[in-house]
Amino acid sequence: MFNISDYLKKFTHLEGDLEAQKKIIGSALKEVCNLEDIDFEIKKGTLYVTANPTIKSIIFTKKDQIVVYLKQNFRKGKVIDVR
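Residues numbered from 1 in each chain as written. Predicted model: local features only at pLDDT ≥ 70, side-chain atom pairs only at ≥ 80, totals over all residues. Heavy atoms only, no water.

Trainee: How do you make sense of unusual backbone geometry when you look at a structure like this?
Mentor: Leaving glycine out, the prevailing phi sign among residues is negative, and the prevailing peptide bond configuration is trans. Positive phi is not limited to glycine here, since N34 has a value of about 60 degrees. Tracing the sequence through the fold places N34 in the loop between α2 (12-33) and β1 (39-43). A positive phi angle is found at K44, which is not glycine, with a value near 50 degrees. Following the sequence through the fold, K44 ends up in the loop between β1 and β2 (46-50). (Helix = DSSP H or I, 4+ residues; strand = E, 2+ residues; numbered from the N terminus.)

Trainee: Could you clarify how one ought to interpret the pattern of salt bridges in this entry?
Mentor: When the charged atoms of two side chains lie near each other, side chains of opposite charge can form a pair. One pass over the structure, following the stated rule, counts 4 salt bridges. One salt bridge in this structure joins D81 and R83, with 3.0 Å as the shortest N-O distance. Ionic contacts of the salt-bridge type, sharing partners, join the residues K63, D81 and R83 into one network. (Salt bridge = Lys/Arg side-chain N within 4 Å of Asp/Glu carboxyl O.)

Trainee: When you look at the sheet that holds β2 in this model, what are you seeing that I'm missing?
Mentor: Strand pairing within a sheet occurs via backbone hydrogen bonds; the two strands may be parallel or antiparallel. Within the open sheet, the 3 strands sit side by side as β1-β2-β3. Their pairing is mixed. Only two strands of the sheet have a single partner each, and these edge strands are β1 and β3 (81-82). Of the pairings in the sheet, the one linking β2 to β3 comprises 2 bridges and is parallel in character. Its bridge partner being in β3, L47 is matched across the sheet by V82. (Pairing = 2+ DSSP bridges.)

And the structure:
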């Protein structure tokens, strides 16, 4: 018989990965841009920042540095663009 709990155990690591990815991105924004508590989403390898235009412009000017930081410190996460 099919046991749903055994099947769902495969997906328990996904939530932990998302939390780790959010912490790494938060630390990247803090270290590279000197910004804290920025709201963002990750969709299909793109980091979407939801903040006021001034903060967005600071982040976009350092976009390449953020992507390099994330590639070096979080190899599982694949953030390739910032918008």
